[in-house]
Amino acid sequence: MSTTSSRRAPVTSAADRAPAAPPAKRDRTHYLYIAVIVAVALGIAVGLAAPDFAVELKPIGTGFVNLIKMMISPIIFCTIVLGIGSVRKAAKVGAVGGIALGYFLAMSLVALGIGLVVGNILEPGSGLALTDAVKDAGHAQVDAEAKDTTEFLLGIIPTTIVSAFTEGEVLQTLLIAVLAGFALQAMGPAGQPVLRGVEHIQRLVFRILAMVMWAAPIGAFGAIAAVVGSAGLDALKSLAVLMLGFYVTCFLFVFIVLAALLRVVAGLNILTLFKYLGREFLLILSTSSSESALPRLIAKMEHLGVSKPVVGITVPTGYSFNLDGTMIYMTMASLFIADAMGTPMSVGEQIPLLLFLLVASKGAAGVTGAGLATLAGGLQSHKPALVDGIGLIVGIDRFMSEARALTNFAGNAVATVLIGTWTKEIDRERVDQVLTGQLPFDETTLLDEDESPHAEIPEQGGEKELARA
């Protein structure tokens, strides 16, 4: 009997131990995101049935997005410090940054070009009337926030090291993190204790983020209900051509341009990558902010097999400079407004305006409504006569903001894989294992359990992680 039990015990415990853990994790998180989908549907229903009440729910959605945003600065700081601090050659970090900025500029121009072509074909603003109320709404957007290029560049420098975190400015945090990473890199072995401390802080921050995510259904319900309640069906019907044209343009850009780049450069199917990032897309759709998924994108790209320096530099920088969706939006919105006001622009007028908006848009990626404010500020500076027409799109900006955010997020996810491939800082074998489900993402910690960033691969990003797996 003892022999039988001694035989059975190891087999039973091994069988229980192997399959038990992963299903438990998957089931819990699946329930969470199913709840988000249900909450979005309920929010739409409440927004249509009781619009006045639905508008009052806006603080719920805003509160959830603010909970996510409060985690962004520490996550970016930890990720970049650990990534740069673990690389022996500073030149590698500079190479990654240079390739990233060059790619971002090229893709922004491509997005502008696609928006220009579609906007000129559709001419969506023809036939709309411009009232005094619409003019006032347009000017209100300009007064809200308008920065010139000099102010934007000076704004990258924080008042103090601490204020970079307290003010929630992504580029300020990026600057401080890069400086700290290079300083720790120069310290050599003496900097290792600091890197270990930053690693523990990163684990804490990601654990807090995982806890916050359980509030996602409530936040999604409040955000969607407020949007539907404030805009209503009438606004959507009157501006359906612009919305449809914008959504189609974003779709073509993602599934033709980005998909082709990802296939040719990295040999990956974009649908497979998007399936891996499905929960992040759902989160953006429900909150209308790509910033809400930034921390999870960092964690998932590292888990995918892209090295920490590439993720740490590409993702935060991309959120300010790789604004594919925002570029398309500004192109089509500018043409829409010009047509609606009965003063269509020639191609010679369109190109200088859009190049100006290309510069003015930097830093407007993650915040809901920032694209509208940037468009208003750009038109005020470059072509003031068109500012009156901004009010025409205020009612549907939130719905267009969702497409902007989804496109921006998709562009940054693809950019991270592409830049990792170009710099040979991606573990292709691990990528295949992750995308086929052999190495599932840990939704509880958002980090690999045995991950040790301070001891990360100095030269090649994913080999040690693969060996540990």
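Preceding block: the structure.
Model, not experiment: these values are computed from the prediction.

Draft legend 1. Looking closely at the overall build of the protein chain. Counting its secondary structure elements, the protein chain contains 22 helices and 0 strands. Scored against the burial criterion, the 469 residues of the protein chain give a buried share of 53%. Long-range contacts, defined as pairs at least 24 residues apart, comprise 84% of the intrachain contacts of the protein chain with a sequence gap of at least 6. When the accessible surface of the protein chain is totalled, it reaches about 19600 Å², and 66% of it is carbon and sulfur.

Draft legend 2. Seen up close, the pattern of salt bridges. Taken as a whole and assessed by the stated rule, the structure comprises 4 salt bridges. One salt bridge connects glutamate 199 with arginine 203, and the closest N-O pair in it is separated by 3.6 Å. Residue glutamate 199 and its partner arginine 203 are both found in helix 9 (residues 192–212); the two are separated by 4 residues, about one turn of the helix. Each of Glu280, Arg296 and Lys300 takes part in one network of salt bridges that share partners.

Draft legend 3. The nonpolar core, seen in detail. Leu262, Leu277, Met301, Leu304, Leu375 and Val417 are the most contacted members of the largest nonpolar core, which totals 115 residues. When residues in this core are grouped by element, the largest group, 12 residues, is from helix 3 (residues 58–85).

Draft legend 4. Spotlight on a nonpolar patch on the surface. Nonpolar side chains collect at one region of the surface, where Leu244, Val248, Phe251, Leu252, Phe255, Ile256 and Leu271 lie side by side and expose about 660 Å² of accessible area between them. If one sorts the elements of the nonpolar patch by residue count, helix 11 (residues 240–266) sits on top with 6 residues. As for its placement among the helices and strands, leucine 252 is situated in helix 11. Owing to a relative accessible area of 36%, leucine 252 belongs among the partly exposed residues under this scheme.

Draft legend 5. Looking closely at the packing of helix 14 (residues 294–304) against helix 15 (residues 308–321). Where helix 14 meets helix 15, the axes come as close as 10 Å, and the angle between the chain directions of the two elements is 155°. With respect to each other, helix 14 and helix 15 are oriented roughly antiparallel. In this structure, the crossing between helix 14 and helix 15 has a hand that is right-handed. Residues Leu294, Leu297, Ile298, Met301 and Glu302 of helix 14 touch helix 15, and the partners they reach there are Lys308, Val311, Val315 and Tyr319. Tallied by class, the residues present in the contact of helix 14 with helix 15 amount to 7 nonpolar, no polar and 2 charged.

Draft legend 6. Quick peek at the side chain of lysine 300. Within the secondary structure layout, lysine 300 lies in helix 14. At a separation of 2.7 Å, a polar atom in the side chain of lysine 300 contacts the main-chain carbonyl oxygen of tyrosine 276.

Draft legend 7. Region of interest: the packing of aromatic side chains. With the rule as written, the count across this model stands at 8 aromatic pairs. Measuring from centroid to centroid gives 6.3 Å for phenylalanine 246 and tyrosine 247, while their planes differ by 90°, and the two rings are edge-to-face. Note on phenylalanine 274 and phenylalanine 281: the rings are 4.9 Å apart at their centroids and 70° apart in plane angle, and the pair reads as edge-to-face. Phenylalanine 281 gets classed as buried once you look at its relative accessible area, which sits at 16%. A cation sits over an aromatic face here: lysine 300 above tyrosine 276, 4.8 Å from the ring centre. Positioned above the aromatic ring of tyrosine 329, the side-chain terminus of arginine 404 is 4.0 Å from the ring centre.

Draft legend 8. Inspection of helix 13 (residues 278–287) at higher detail. Counting buried positions along helix 13 gives 8 out of 10 residues, so the element sits mostly inside the fold. Inspection of helix 13 places Arg279, Glu280, Phe281, Leu282, Leu283, Ile284, Ser286 and Thr287 among the buried residues, and these make up the whole buried set.

Draft legend 9. Structural context of the side chain of asparagine 412. Tracing the backbone through its elements, the reader meets asparagine 412 in helix 20 (residues 397–422). Filtering out sequence-adjacent residues up to four positions away, asparagine 412 remains in contact with Leu297, Gly318, Tyr319 and Asn322.

Draft legend 10. Structural detail: the packing of helix 3 against helix 9. For the pair helix 3 and helix 9, the least separation of the axes is 9 Å and the interaxial angle reads 155°. If you check the angle between helix 3 and helix 9, you find them roughly antiparallel. The handedness of the crossing between helix 3 and helix 9 comes out as left-handed. On helix 9, the residues that touch Phe64, Leu67, Ile68, Met71, Pro74, Ile75, Cys78, Thr79, Val81, Leu82 and Gly85 of helix 3 are Leu195, Val198, Glu199, Ile201, Gln202, Val205, Phe206, Ile208, Leu209 and Val212. A per-class count over the contact of helix 3 with helix 9 returns 17 nonpolar, 3 polar and 1 charged.

Conventions we followed
Residues numbered from 1 in each chain as written. Predicted model: local features only at pLDDT ≥ 70, side-chain atom pairs only at ≥ 80, totals over all residues. Heavy atoms only, no water. Helix = DSSP H or I, 4+ residues; strand = E, 2+ residues; numbered from the N terminus. Buried < 20%, exposed > 50% of the residue type's maximum accessible area, 1.4 Å probe, protein only. Contact = heavy atoms within 4.5 Å. Areas by Shrake-Rupley, 256 points an atom, 1.4 Å probe, with all protein chains shown as cover. Salt bridge = Lys/Arg side-chain N within 4 Å of Asp/Glu carboxyl O. Core = buried A, V, L, I, M, F, W, Y, C linked by side-chain atoms within 4.5 Å. Patch = residues over 30% accessible without salt bridge, like charges linked within 9 Å, V, L, I, M, F, W, Y side chains within 5 Å. Axes fitted to C-alpha atoms, helices over the stretch in contact; angles between N-to-C directions. Parallel < 35°, antiparallel > 145°, perpendicular 65-115°, else oblique. Left-handed = near helix turned anticlockwise from the far one by under 90°. Nonpolar A, V, L, I, M, F, W, Y, C, P; charged D, E, K, R; others polar. Polar contact = N/O pair within 3.5 Å; in protein donor to acceptor, adjacent residues only side chain to side chain. Phe/Tyr/Trp six-rings, centres within 6.5 Å; stacked < 30°, edge-to-face > 60°. Lys NZ or Arg CZ within 6 Å of the ring centre and 35° of its normal.

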